[in-house]
Amino acid sequence: MTRTTLQAEAAMPLSNFDADLTDGTTTGQDIGPAIVDAVRYAQANGSATLIIPPGDWELRTNVDVDLDTDENGNEVTCHFKIVGQGPTVSKIVSKVWRFPAQDRIRIDVSKRNSTLEISDLGFLAQGSGMNDGTYLLRSRSTRRGGQMHRTAVIRNVYVGGYDDFYGLSQDGEYFANLFDLSCHNRPLVENVVVASGNHENVFETGADNTGDWSDDSELWTIVNGIVLDGAYAPEVNQCVISRAKYPIICRGNIPQNETSPISFTYDPNDTGGQPEIGVFTNNRFPTCIIGIVWHRDGAEPGFSARANFIDFRDYGVYVKGAAMGEILLNNFVQKTVDEEDYVNRANPKDIYLDHVIGMFIEDNYFQGPNPARLEPEGSSADPLRIAIDMHNDDPSSYATTDVIVGRNYVANAAILQYYCRKMADTGELYYKDPVVAGAATIGGLLQEGAAAVKHTPYL
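Residues numbered from 1 in each chain as written. Predicted model: local features only at pLDDT ≥ 70, side-chain atom pairs only at ≥ 80, totals over all residues. Heavy atoms only, no water.

(A) Here's a closer look at the overall build of the protein chain. Summing up its helical and strand segments, the protein chain has two helices and 33 strands in all. Expressed as a percentage of its 459 residues, the buried residues of the protein chain come to 56%. The long-range share in the protein chain, meaning contacts at least 24 apart out of those at least 6 apart in sequence, stands at 78%. When the accessible surface of the protein chain is totalled, it reaches about 17500 Å², and 47% of it is carbon and sulfur. (Helix = DSSP H or I, 4+ residues; strand = E, 2+ residues; numbered from the N terminus. Buried < 20%, exposed > 50% of the residue type's maximum accessible area, 1.4 Å probe, protein only. Contact = heavy atoms within 4.5 Å. Areas by Shrake-Rupley, 256 points an atom, 1.4 Å probe, with all protein chains shown as cover.)

Dropping the structure here:
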């Protein structure tokens, strides 16, 4: 029989690898060794599907294996799945304060020979305390040419706190970072729901810090949601990630040092490569700092963000390095608290473009008024917000040009400082006037460069 990508013939429950793992309600279990044994079976037999039965299954030890290297150090190829019977039925529980400096599950595909799939599972955190840079699940690969098969899939997954899931409390239990699929080939993440405790979508200042949007606020239960650094053709579809600083990060190579997803240095020894052809569709990111980060060296095809809801502080979609992309049908809401808390902040931007050649932007909704500013100021306007910002930070090496801004929709002119800002050293911009509800004008277009700016019709 010929095996296809992510298709495994042998399906076995946990008890096949540990006879004591028969009851998902028994305390003191540890499914970590059984997961490792299932990987070894897949390596020896070419494939395996590990079935997680209904119940709560505790992961007490960390899993750290490489699908492409067996226990004797030999290079192998296998197809491995971990499959539950539903994200709220089969649940893996982890006390995240145990081994805080290690990933909960690490299953690498170091040679891009093998494939990994995680599906129909729930992951519940007990407590908090994971170190920066550690993940619920990390699976890294190496960019290799000439391969078209998909090497990683995460689908139909629920992530949340244990007490929150069972209605015991609502905050204080979470995984600090979720999924790292860096350098995989065509990784797919879909229908992942991340619960956020008490406040999914934060509007107002409150005594419980729900209005504190500063970097160190307790508002942020998650730092990094889905990391796809160096991935080729990543897809993220129909996911809900709440109260994460950075729900999606897709950058070139693996950052060596970083202060944020848009301020880092590359690891000079890393061979991860640059991301290409990223597609992000129908996702919901309520309460984040930057919704989608696409940051690579040089402009390559392509980038697509469609039908996403992004409720952000600094950037909705940040794109640096793309050719022939599209930003369509997205709903942007920008929220801050009063200016006294952010006196030195930069202009928040719904769409930021830099080193971009050919981007089509249309049918997006720039929503307002900003609910966080209704009280106590009574103002619906953010005096700094820019809907579309066009930059070229390194004109000697790169270009930003051929940006087409079609018909978009603005809730009210008062929510923006500028609808579209074109900075110096950028190339051609073609645009139509937006549709504005409640106002006849939109604050105009700021021009700081000599390049052509053309109005309807586009050409």
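Moving on, there is more to tell.
(B) Region of the structure containing the nonpolar core. Core analysis: the largest hydrophobic core is formed by 91 residues, its most contacted members being Phe 80, Phe 123, Phe 179 and Phe 303. Leave out the neighbours within four places in its chain, and Phe 80 touches Ile 35, Ala 38, Val 39, Ala 42, Ala 48, Leu 50, Leu 67, Ile 107, Thr 115, Leu 116 and Glu 117. Core analysis: the second largest hydrophobic core is formed by 13 residues, Trp 213, Ile 289, Val 293 and Tyr 318 among them. (Core = buried A, V, L, I, M, F, W, Y, C linked by side-chain atoms within 4.5 Å.)

(C) Focus on the packing of aromatic side chains. Taken as a whole and judged by the stated rule, the model has 13 aromatic pairs. Plain terms: the ring middles of Tyr 162 and Tyr 166 are 4.9 Å apart, the flat faces sit at 50° to each other, and that makes the pair tilted. On the basis of relative accessibility, which here comes to 22%, the residue Tyr 162 falls in the partly exposed class. Feature note: the residues Tyr 158, Tyr 162, Phe 165 and Tyr 166 constitute an aromatic cluster, connected by ring pairs. (Phe/Tyr/Trp six-rings, centres within 6.5 Å; stacked < 30°, edge-to-face > 60°.)

(D) Molecular detail of unusual backbone geometry. Phi is positive for Asn 191, close to 55°, though the residue is something other than glycine. Assignment of secondary structure puts Asn 191 in strand 12 (residues 188–194).

(E) Looking closely at the pairing of strand 12. Burial analysis of strand 12 places five of its seven residues in the buried class, which makes it a mostly covered element. Bridge count between strand 10 (residues 152–161) and strand 12: six bridges; the pairing is parallel. Its bridge partner being in strand 12, Tyr 158 is matched across the sheet by Val 193. By the bridge criterion, three bridges tie strand 12 to strand 14 (residues 235–237) in an arrangement that is parallel. Across the sheet, the residue bridging to Glu 190 is Asn 237, located in strand 14. (Pairing = 2+ DSSP bridges.)

(F) Fine view of a nonpolar patch on the surface. There is a patch of nonpolar side chains on the surface, built from Tyr 365, Tyr 409 and Val 435 and spanning about 240 Å² of accessible area. With respect to the helices, strands and loops of the structure, Tyr 365 is situated in strand 25 (residues 365–367). Relative accessible area serves as the criterion here: at 34%, Tyr 365 is assigned to the partly exposed category. (Patch = residues over 30% accessible without salt bridge, like charges linked within 9 Å, V, L, I, M, F, W, Y side chains within 5 Å. Salt bridge = Lys/Arg side-chain N within 4 Å of Asp/Glu carboxyl O.)

(G) Geometry of the side chain of Asn 347. Locating Asn 347 in the fold gives a position in the loop between strand 23 (331–334) and strand 24 (349–362). Among the polar contacts listed, one links the side chain of Asn 347 to the side chain of Gln 417, at a separation of 3.0 Å. (Polar contact = N/O pair within 3.5 Å; in protein donor to acceptor, adjacent residues only side chain to side chain.)

(H) Up close: the side chain of Ser 90. If you trace the backbone, Ser 90 turns up in strand 6 (residues 90–95). Using a relative accessible area of 0% as the deciding quantity, one classes Ser 90 as buried. Polar side-chain contacts of Ser 90 include one of 2.7 Å to the backbone oxygen of Ile 52.

(I) Quick look at the pattern of salt bridges. Across all of its chains, the model carries 21 salt bridges by this definition. Arg 155 serves as the salt-bridge partner of Glu 190, at 2.9 Å between the closest nitrogen and oxygen. Of this pair, Glu 190 sits in strand 12 while Arg 155 sits in strand 10, and the two are 35 residues apart along the sequence. A relative accessible area of 24% places Arg 155 in the partly exposed class. Residue Asp 229 is joined to Arg 251 by a salt bridge in which the shortest nitrogen-to-oxygen separation is 2.9 Å. Placement of Asp 229 in the loop between strand 13 (222–227) and strand 14 and of Arg 251 in strand 16 (residues 244–251) is noted, with a sequence separation of 22 residues between them. Residue class for Asp 229 comes out buried when judged on its relative accessible area of 1%.

(J) Focus on the environment of Ser 304. Within the secondary structure layout, Ser 304 lies in strand 21 (residues 303–306). The sequence separation of Ser 304 and Phe 360 amounts to 56 residues, and the corresponding C-alpha distance is 9.5 Å. Once you skip the residues sitting within four places of it in the chain, Ser 304 turns out to touch Gly 278, Val 279, Phe 280 and Glu 326.

(K) Geometry of the pairing of strand 27 (residues 401–405). Of the strand pairs in this sheet, strand 24 and strand 27 are connected by four bridges, and their pairing is parallel. Residue pairing for strand 27: Met 359 is matched across the bridge by Val 403. Across three bridges, the pairing between strand 27 and strand 30 (residues 429–431) is parallel. Considered in strand 30, the bridge of Val 403 is made with Leu 429.

The values reported here are purely geometric and, on their own, carry no functional implication.
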